[in-house]
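Observations on the three-dimensional arrangement
Chain by chain, the residues run as shown.
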Protein chains: 2
Amino acid sequence: MTTISLARGVPAAELLPVEELADCAREVLRREGSTLLNYGPVAGYTPLREWVAARHGVEVSRVVLTPGSLPGLVVLFQVLLAAGRHPLVEAPSYDRPLGILDTLGVQPAAVPLTDDGLELGALERELAARRPSFLYAIPTFQNPSGRTYTEDVRRELIELARVHDLLLLEDDPYRLVHFGGEPPPTLFELAAGDGVVYASSFSKVVAPGLRVGYLIVPPELVGAVEERAVATYLSPAVSLQAALYEFIARGGLEPNLARVRTGIGARRDATLAALDEHLGGAATWSRPDGGYFVWLDLADGVSADDVADRAHEAGVAVVKGSDFFSRGAGGHSSLRLAYSFVSTRELGDGIARLAAAIPAPAAV
Amino acid sequence: MTTISLARGVPAAELLPVEELADCAREVLRREGSTLLNYGPVAGYTPLREWVAARHGVEVSRVVLTPGSLPGLVVLFQVLLAAGRHPLVEAPSYDRPLGILDTLGVQPAAVPLTDDGLELGALERELAARRPSFLYAIPTFQNPSGRTYTEDVRRELIELARVHDLLLLEDDPYRLVHFGGEPPPTLFELAAGDGVVYASSFSKVVAPGLRVGYLIVPPELVGAVEERAVATYLSPAVSLQAALYEFIARGGLEPNLARVRTGIGARRDATLAALDEHLGGAATWSRPDGGYFVWLDLADGVSADDVADRAHEAGVAVVKGSDFFSRGAGGHSSLRLAYSFVSTRELGDGIARLAAAIPAPAAV
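Residues numbered from 1 in each chain as written. Chains lettered and ligands numbered in written order. Predicted model: local features only at pLDDT ≥ 70, side-chain atom pairs only at ≥ 80, totals over all residues. Heavy atoms only, no water.

Attention now moves to the overall build of chain A. Along the backbone of chain A there are twelve helices and 14 strands. Relative to the compact-globule value of 21 Å for 364 residues, chain A shows a C-alpha radius of gyration of 21 Å, a close match. Considered along the principal axes of its C-alpha atoms, chain A spans approximately 70 × 50 × 35 Å. Summarising the internal contacts of chain A: among those between residues at least 6 apart in sequence, 74% fall at separations of at least 24. Split by element, the accessible area of chain A, about 13,200 Å² in all, is 49% carbon and sulfur. In chain A, 32 side chains carry a positive charge and 45 a negative one; their mean positions are 4 Å apart. (Helix = DSSP H or I, 4+ residues; strand = E, 2+ residues; numbered from the N terminus. Rg over C-alpha atoms; globule rule 2.2 N^0.38 Å. Contact = heavy atoms within 4.5 Å. Areas by Shrake-Rupley, 256 points an atom, 1.4 Å probe, with all protein chains shown as cover. Lys, Arg positive; Asp, Glu negative; His and termini not counted. Charge placed at Lys NZ, Arg CZ, Asp CG, Glu CD.)

Spelled out as structure tokens, the structure:
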């Protein structure tokens, strides 16, 4: 029995625009290879920076293209911590940034996430108690929960952030992968760019293998971010940034987005249908309108670690919830399911296998 | 007047195999794009790992391809420092690793470099006094000095390292860019791989823009290095690694090396000739048999900072020697000249401009 992976938050192979990118890569290397194949500017390929800047309505000097979004976050966290800022995260939060902070020797404050977004009462208490000074958040189609902040929560969060001098770091790689209507505006838009660092990536909308993420940073942080980036990786792979720009310039982005939304949306539908069929009564789960993930809460007292282990034996891989809490301080009855990678049939089979690994609820 | 850069240690544009890499990139993306455009394995594209492993006679599991060599060094330093090892560097040393150590909050011990390699008496004293436990070194065509350790120094260094449990980190990106005979064997070869971590890159032999470096790590460190690499950048750009492998598999490496050796060798010749012509009596300099750099020692008491500033006003950029000492603790009468980037004519003109910026020696 082949293991079905509901663990990997990566796009299905069929959604990658292979032929188009192959042609774009050759075209840009032929045309500009003598610069693209040398060390590039640390902030990346200028035409793509300009495109990102125009899309977000900012000065091009504020856009730093990074080799995937994770190295951008590493650099940014280093800069913010060096400036004496203390972090706050969502609970649950994306595990990699938690790992970065842990490596940097910092334990973040944490505020619970609800179906509407960050729990603002808890946020106020944390702001008063521990005085964190930057928030790392994924307000739209969050990893790991699939949840999206309402527009009201966004506006209140921005107001609280202003009052408490809390810098907002909005990580937004899933926004364009929506299955219904547009999600609420970004924090960056609602705050008119003030007090918000915006991070995103082309991994979920074109291809992760391009390794192109980006940051939009306040003017006063640009120098420090670029300096730290040079010190960490010298320059990103500008040839891939150029190939991506060529793909966009040829009009490839919108048709690709349509394909991604349809392909991932069908997987979300299959996932929710299979959960309804196999797990009704045994768990509750988020109902994402976009992105890659469903968050599953098992009945109180059911060990997600045990379920994940049994599920693995039964041929389905999931990620245990505690991976998404700083130092494992939560999520012990939760699981993250990624529906982006496998086929709709495998999603159905995988969730059936998972259901068999969950203990029946105790009789009342 | 356009500034002539003797500061940039990057290859001349004409030495990059643009057309070949453009074709290779398209070929591998067409053939394997559905995997190459997704997240890749953190240790890199398997066929290229196998090729590197065969070339160095090691198990493929010990080869970690990195997105340029610098991120590999960042990861490795983090792993070694976390294991409680304290660093030792050459004086002068490549400035980027010094910067990494500084960011990590560590000031390395340092041992002077002579024309024959590391000064072994000074090394013994440092080993006794400060007990450093890993050495970062570029034994062949060093950056910044252009110097190469003799085989005798290499053998004695390995022996000392064994006695003192000093792990050797051999950074070797310039080895294949030799202009005369082969340089002495690597520390890695002489020690039969024992107690040596080997780092290299394809930046100087094919193209920096590919962002392909590699580490050969002892089996017991592989897990920690891969874990830290995932946490830092998730995965390297495997499509560029595949394009590079295709270039090698098509037989492109050796002809390209011949071209690079000829092109950079002619620049080295022009540099030494211009130094003899313009700077005889005012300075002494290294005579590299390979690599990108000449190290210039001005007369005692002449400020390299002042000379670098005046040279910049006169239209030639050089790097001041103190950049290559931890926290600027040396090199105040030295300069690094890079001859890899500009044309032989510009090298001659640049060195003439530099000469005019150096004060005449005081009359005896």
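A word on helix H12 (residues 344-356) of chain A. Residue and element names in this part refer to chain A. Compared with the 18 Å implied by 1.5 Å per residue over 13 residues, the 19 Å span of H12 between its first and last C-alpha is a close match. Taken together, the buried positions of H12 are Leu347, Gly350, Ile351, Leu354 and Ala355. Down the axis, H12 shows its buried residues gathered within 140° of arc, on one side only. Set apart from the buried face of H12 by more than 90 degrees, the exposed residues are Arg345 and Ala356. The elements touched by buried residues of H12 are strand S1 (4-5), helix H10 (253-279), strand S11 (293-298), helix H11 (304-313), strand S12 (316-317) and strand S14 (334-338). (Expected span 1.5 Å × (residues − 1). Buried < 20%, exposed > 50% of the residue type's maximum accessible area, 1.4 Å probe, protein only. Arc of directions from axis to C-beta.)

Reading across from one edge, S10-S11-S14-S13 (chain B) is the order of the four strands in this open sheet, with antiparallel pairing throughout. The open sheet has two edge strands, strand S10 (283-285) and strand S13 (319-320) of chain B, and neither has a second partner. (Pairing = 2+ DSSP bridges.)

With that settled, consider the packing of helix H1 (residues 18-36) of chain B against helix H9 (residues 238-249) of chain B. Residue and element names in this part refer to chain B. Look at H1 against H9: their axes get within 8 Å of each other, and the N-to-C directions meet at 125°. When the axis of H1 is compared with that of H9, the two are oblique. With respect to the hand of their crossing, H1 and H9 are arranged in right-handed fashion. Counted together, Glu20, Leu21, Cys24, Ala25, Glu27, Val28, Leu29, Arg31 and Leu36 of H1 and Val238, Ser239, Ala242, Ala243, Glu246 and Phe247 of H9 form the full contact between these two elements. Tallied by class, the residues present in the contact of H1 with H9 amount to ten nonpolar, one polar and four charged. (Axes fitted to C-alpha atoms, helices over the stretch in contact; angles between N-to-C directions. Parallel < 35°, antiparallel > 145°, perpendicular 65-115°, else oblique. Left-handed = near helix turned anticlockwise from the far one by under 90°. Nonpolar A, V, L, I, M, F, W, Y, C, P; charged D, E, K, R; others polar.)

Bear in mind that shape data such as this cannot, by itself, settle questions of function.
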